[in-house]
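Now for the letters of each chain:
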Amino acid sequence: MKNTFYQLLADLKNKAQVKLFLKDFLTESELNTLANRLAIIKLLNQGKSYAEINKKLKVSSATIASTANLLNKKGSKLAIEKIKLDEWVEKIIGKIIW
């Protein structure tokens with residue numbers, strides 16, 4: 001069943017479809033947990049301190065520490081690469097449009 005789930009995620013065509021699927025299949029709490037994990041990884045990767053992350057996201061240092069363990073995993077590295085690429089593209093587009 002996991003393979004079916006992975007394939008389904010890969011087959012979703014755009015942000016709207018992913019949002020629709022995740023909002024139907026995850027509780028608000030589960031969605032927030034995943035979003036917070038991603039935000040923590042991103043902020044740690046940017047060199048932010050636990051105190052800065054705690055202040056910004058209102059998460060405990062224990063949550064930050066447990067999420068920090070994900071930093072060197074392949075999936076987390078892939079997520080950071082994708083986020084950096086998206087941010088770079090948005091920056092370039094902003095320069096072109098303005």
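Refer to the structure above for everything that follows.
Residues numbered from 1 in each chain as written. Predicted model: local features only at pLDDT ≥ 70, side-chain atom pairs only at ≥ 80, totals over all residues. Heavy atoms only, no water.

**Some points on the pattern of salt bridges**
Argument step 1. Under the defined criterion, the tally for this structure stands at one salt bridge.
Argument step 2. The shortest N-O distance in the salt bridge between K42 and E87 comes to 2.5 Å. Note that K42 is positioned in helix α3 (residues 28-45) and E87 in helix α6 (residues 74-97), a separation of 45 residues in sequence.
Argument step 3. Given the relative accessible area of 26%, K42 is considered partly exposed.
Argument step 4. Of the residues examined, E87 reaches a relative accessible area of 35% and is grouped as partly exposed. (Salt bridge = Lys/Arg side-chain N within 4 Å of Asp/Glu carboxyl O. Helix = DSSP H or I, 4+ residues; strand = E, 2+ residues; numbered from the N terminus. Buried < 20%, exposed > 50% of the residue type's maximum accessible area, 1.4 Å probe, protein only.)

**What about unusual backbone geometry?**
Argument step 1. Even without being glycine, K58 reaches a positive phi, approximately 60°.
Argument step 2. Structurally, K58 is set in the loop between α4 (50-57) and α5 (61-68).

**A few points about the nonpolar core**
Argument step 1. Of all hydrophobic cores here, the largest spans seven residues; its members are I40, L43, L44, I53, L57, V59 and I64.
Argument step 2. Elements that contribute at least two residues to this core include exactly α3 and α4.
Argument step 3. The greatest single-element share of this core, amounting to three residues, is contributed by α3.
Argument step 4. The contact partners of L44, leaving out residues within four places of it in the chain, are Y50, I53, I64, A68 and L71. (Core = buried A, V, L, I, M, F, W, Y, C linked by side-chain atoms within 4.5 Å. Contact = heavy atoms within 4.5 Å.)

**Side note on the layout of surface pockets**
Argument step 1. Here the largest pocket is characterised by a volume of approximately 710 Å³.
Argument step 2. Lining the largest pocket are 14 residues, with L34, A35, L38, A79 and I83 sitting closest to its centre.
Argument step 3. At the level of elements, α2 (15-25), α3 and α6 are the ones that each hand at least two residues to the lining of the largest pocket.
Argument step 4. The greatest single-element share of the lining of the largest pocket, amounting to six residues, is contributed by α3.
Argument step 5. By residue class, the composition of the lining of the largest pocket is nine nonpolar, one polar and four charged. (1 Å grid on protein atoms, 1.4 Å probe; cavity = no way out; pocket = protein on both sides within 12 Å on 5 of 7 lines; lining within 4 Å. Points joined across faces, edges and corners; volume = space filled by probe spheres on them. Nonpolar A, V, L, I, M, F, W, Y, C, P; charged D, E, K, R; others polar.)

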